[in-house]
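Observations on the model geometry
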Amino acid sequence: MEWRIRATCLCAFVFSICALWTNDLTSVFAAELVNDDVFVEAPTPRNSDISLRESIVAIPFSEEAYDEEANDDVMKDESFKESDEEYVDAWVANDAAILSRRGGVLTGGIPELEALQDQIAELQKTTEELRADLEAEQKKNAKKDPKPSDPFTMKLTGHVSMDAVSISENDEAKAAFGDTKNSFTFRDTRITMKGSGHGNYEYAFGIGVNNKISLKDACLRIKDTKYLGNITIGHFYTESGMESIQLTYDRVFASVDECSTSFYLARRIGVSSTHYGADQRSRAFFGVFAAPAVSTTPHYNWDNDPGFILNGRLTAAPILTVDEDGFTREVFHLGASHYWLCPGGENKLRLYTRGQMWTGDNPYFLDGAIPLAGRSYSVSQAEAAYQRGEFALTAEGHVCSVYDGGGTAYGTALTSRYFLTPHCSRIYIKDSGRFGSITMPEENVFLNFKERTVGQNWGALEAVAKWTWTEMNNLKYVPGATYGSVHRGVMGFNWFMNHQAFIAFNWEHAFVNAHKNNKRAKADYDTFITQLTFKF
C-alpha cells in the first residue's frame with residue numbers, strides 16, 4: 001500500500017513539471033517569420049476585453065547585444081542631462097530592445113511609444129527654432145552693443161548736393177529784392193565721421209563745405225545712463241519740430257520750410273538728456289545750450305556772455321506698424337516742443353524767412369533784428385504726422401513770443417507726400433522722432449552699384465506738396481525791418497534712383513505781403529529747382 005502512494009505522488013510531480021514546461025515553450029517560442037523579421041506573441045492580457053490580436057506587439061527583434069541594465073548605465077552617466085536629446089534617444093532605444101527581448105509587452109501597446117516619439121520630435125523642432133532665434137538675437141546685439149573692452153569703431157559718411165535754380169519774379173519783386181540771377185551751385189558737401197565703442201559711447205564729427213567751411217555735428221553721446229538716460233555733449237541740433245532736425249539727405253523738399261527756418265535755432269553748443277518709453281515709441285528730450293543772439297555769430301563760439309537756451313521736446317508714436325522688410329505700414333506721430341532763450345551781450349533777436357535757393361542771391365522775404373533790451377523770448381511748437389503705406393501727411397505750427405511788449409510771430413506748415421511706386425515709404429526713426437530715408441524693394445533700383453547695372457528698373461517716384469505761412473505783422477516795428485507775411489506753396493517730385501541717390505524737382509511760388517510800415521509792395525516770386533543729392 002505504501003509503495004502505491006509513493007508511485008502516485010511521483011507521477012503527479014512529473015506531470016506537473018511537464019505541464020509547466022510545455023506552457024512556457026508555447027508562450028515564448030510560438031512565432032511566425034514574416035518578411036525576415038521575427039514577431040513575438042505576447043501573453044494574453046488579464047483584461048478579457050482586449051483580444052489576443054490586440055495584445056501582440058510588433059517590435060522587430062534585434063540581435064545586438066543590449067544589456068537589460070543599459071538604462072541604469074545611461075542614468076548613471078553624468079555627461080547626460082535630463083534635457084539632452086541624446087539621453088532621451090538612448091533611453092527609448094534601450095527600452096525598445098528590452099521590450100523585444102522580453103516579449104514586446106508594453107502597457108497600452110505600441111501607440112504610446114509612437115506618441116512619445118512624436119512628442120520628442122516636436123520638442124527637438126521647438127528647441128532648434130529657439131536656438132536659431134537666440135543666435136540671431138545674439139548676433140544682432142553684438143553689432144549694436146560692442147563689448148566694454150572693444151575699441152571705438154569709425155565709419156565715414158557724407159553727402160553731396162547740387163542745385164540748378166531758375167527764378168521768375170514780377171516787377172514788384174524785382175524792386176523789392178533785386179533781379180535775382182539763375183544759378184548752378186554745390187548746395188552742400190559734407191563729410192561726417194562717426195562710430196561707437198566701449199559699450200555705450202557714440203560720437204560724431206562732421207564738417208560742411210559750401211561758400212565756407214562750417215562745423216556741423218561735433219558731439220559725444222553716452223547711452224543708457226542710470227538716471228539721465230542718453231546724454232549728448234557738444235555741438236548738435238536743438239529741437240523745435242520734426243523739420244528742424246531733418247537731415248539734408250532725408251528732406252522731402254530741396255530746402256527746409258520757411259516756417260522752421262524762421263524760428264528754429266539749428267545747432268548750438270550744449271548738453272542734453274533723452275529718455276525713452278516702452279519700445280522707444282515715446283521720447284522726452286531736454287537740453288541746455290549757449291545762445292548767440294544774432295545768426296551771424298558762429299554757433300560754436302562761446303563768448304563771455306552768450307546767453308542760454310532751455311529746450312525740451314516730447315514725442316510719441318501710439319500707432320506704429322513696420323513689416324519685416326522695413327516697410328512702414330502705418331505710423332501716427334504726435335509731438336510738442338518749447339524753448340526759452342535768454343539773450344547774451346548783443347541783445348538782439350533776428351527773425352527772417354528766405355526762399356529755397358542756397359546762394360548769396362537768395363532774397364530775404366522778411367527780415368528784422370529786434371533789440372531785446374534784456375527781454376527774453378520763447379518759441380512753442382506742436383506737430384502731428386500720419387503715414388499709411390505710401391501716403392503721408394504732416395503738420396507743424398510755431399508761435400514766437402517776445403516778452404515785455406516785443407510782439408508775436410506765427411508760422412504753419414502742411415506737407416503731403418505719396419509714393420507712386422508701390423511698397424515704398426519713409427522710415428520712422430524712433431530714436432529722434434522724425435522720418436528718415438526711404439525703403440525701396442531691391443528689384444526697383446535704377447542705379448544698382450552692387451551688380452553694376454543701370455536702367456534695369458525705374459527706381460521710386462514720390463509726389464510732394466507743401467503750403468507754409470509765416471506771419472510777422474504783430475512784432476514790434478523797428479526802423480529798417482521788413483516785416484509782413486509770406487504764403488508759400490511748393491509742388492514737385494522726388495526720383496530715387498536707389499537708396500543713396502535721388503533728384504528733387506521743386507516749383508515754389510511765394511506771395512509776399514509787406515508790413516504796413518514797409519515800403520515794399522506785394523511781390524510774387526517763382527523758383528524752379530532741380531537738386532541732385534548723393535549720400536555715401
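Scroll up to find the structure.
Report on the accompanying structure.

The rules behind the values
- Residues numbered from 1 in each chain as written.
- Predicted model: local features only at pLDDT ≥ 70, side-chain atom pairs only at ≥ 80, totals over all residues.
- Heavy atoms only, no water.
- Helix = DSSP H or I, 4+ residues; strand = E, 2+ residues; numbered from the N terminus.
- Areas by Shrake-Rupley, 256 points an atom, 1.4 Å probe, with all protein chains shown as cover.
- Core = buried A, V, L, I, M, F, W, Y, C linked by side-chain atoms within 4.5 Å.
- Buried < 20%, exposed > 50% of the residue type's maximum accessible area, 1.4 Å probe, protein only.
- Contact = heavy atoms within 4.5 Å.
- Phe/Tyr/Trp six-rings, centres within 6.5 Å; stacked < 30°, edge-to-face > 60°.
- Lys NZ or Arg CZ within 6 Å of the ring centre and 35° of its normal.
- Patch = residues over 30% accessible without salt bridge, like charges linked within 9 Å, V, L, I, M, F, W, Y side chains within 5 Å.
- Salt bridge = Lys/Arg side-chain N within 4 Å of Asp/Glu carboxyl O.
- Lys, Arg positive; Asp, Glu negative; His and termini not counted.
- Charge placed at Lys NZ, Arg CZ, Asp CG, Glu CD.
- 1 Å grid on protein atoms, 1.4 Å probe; cavity = no way out; pocket = protein on both sides within 12 Å on 5 of 7 lines; lining within 4 Å.
- Points joined across faces, edges and corners; volume = space filled by probe spheres on them.
- Nonpolar A, V, L, I, M, F, W, Y, C, P; charged D, E, K, R; others polar.

Quick look at the overall build of the chain
A tally of regular secondary structure across the chain gives 6 helices and 24 strands. Split by element, the accessible area of the chain, about 29800 Å² in all, is 58% carbon and sulfur.

Examining the nonpolar core
Residues Phe177, Leu351, Tyr377 and Leu475 are the most contacted members of the largest nonpolar core, which totals 38 residues. The residues touching Leu475, leaving out its near neighbours within four places in the chain, are Leu351, Ile370, Val402, Gly406, Gly407, Thr408, Ala409 and Tyr483. Counting residues in hydrophobic clusters, the runner-up holds 9 residues, among them Val445, Ala460, Phe496 and Ala504.

A few points about the packing of aromatic side chains
Across all of its chains, the model carries 8 aromatic pairs by this definition. Every member of this aromatic cluster is reached through a ring pair, and the members are Phe419, Phe496 and Phe502. Residue placement shows Arg267 over the ring face of Tyr237; its charged tip is 4.2 Å from the ring centre. In this arrangement the basic side chain of Lys466 is found over the ring face of Phe253, its NZ or CZ atom lying 4.3 Å from the centre.

Observations regarding the environment of Ala382
Within the secondary structure layout, Ala382 lies in strand E14 (residues 377–388). Contacts of Ala382, omitting those with residues within four sequence positions, involve Gly335, Ala336, Ala395, Glu396 and Gly397.

Some words on a negative patch on the surface
On the surface, Glu114, Asp118, Glu122, Glu129, Asp133 and Glu137 cluster together into a patch of negative charge. Turning to its location among the elements, Glu114 is positioned in helix H4 (residues 110–144).

What to know about empty space enclosed by the protein
Enumeration over the complete set of coordinates arrives at 4 cavities of 30 Å³ or more. The calculated volume of the largest cavity comes to roughly 210 Å³. Lining the largest cavity are 16 residues; nearest its centre among them are Met242, Glu243, Val252, Thr394 and Glu396. For the lining of the largest cavity, the secondary-structure elements that each account for two or more residues are strand E15 (391–402) and strand E16 (407–419). Per-element accounting of the lining of the largest cavity gives the leading share, 5 residues, to E15. Here the residues of the lining of the largest cavity are counted per class, giving 8 nonpolar, 3 polar and 5 charged.

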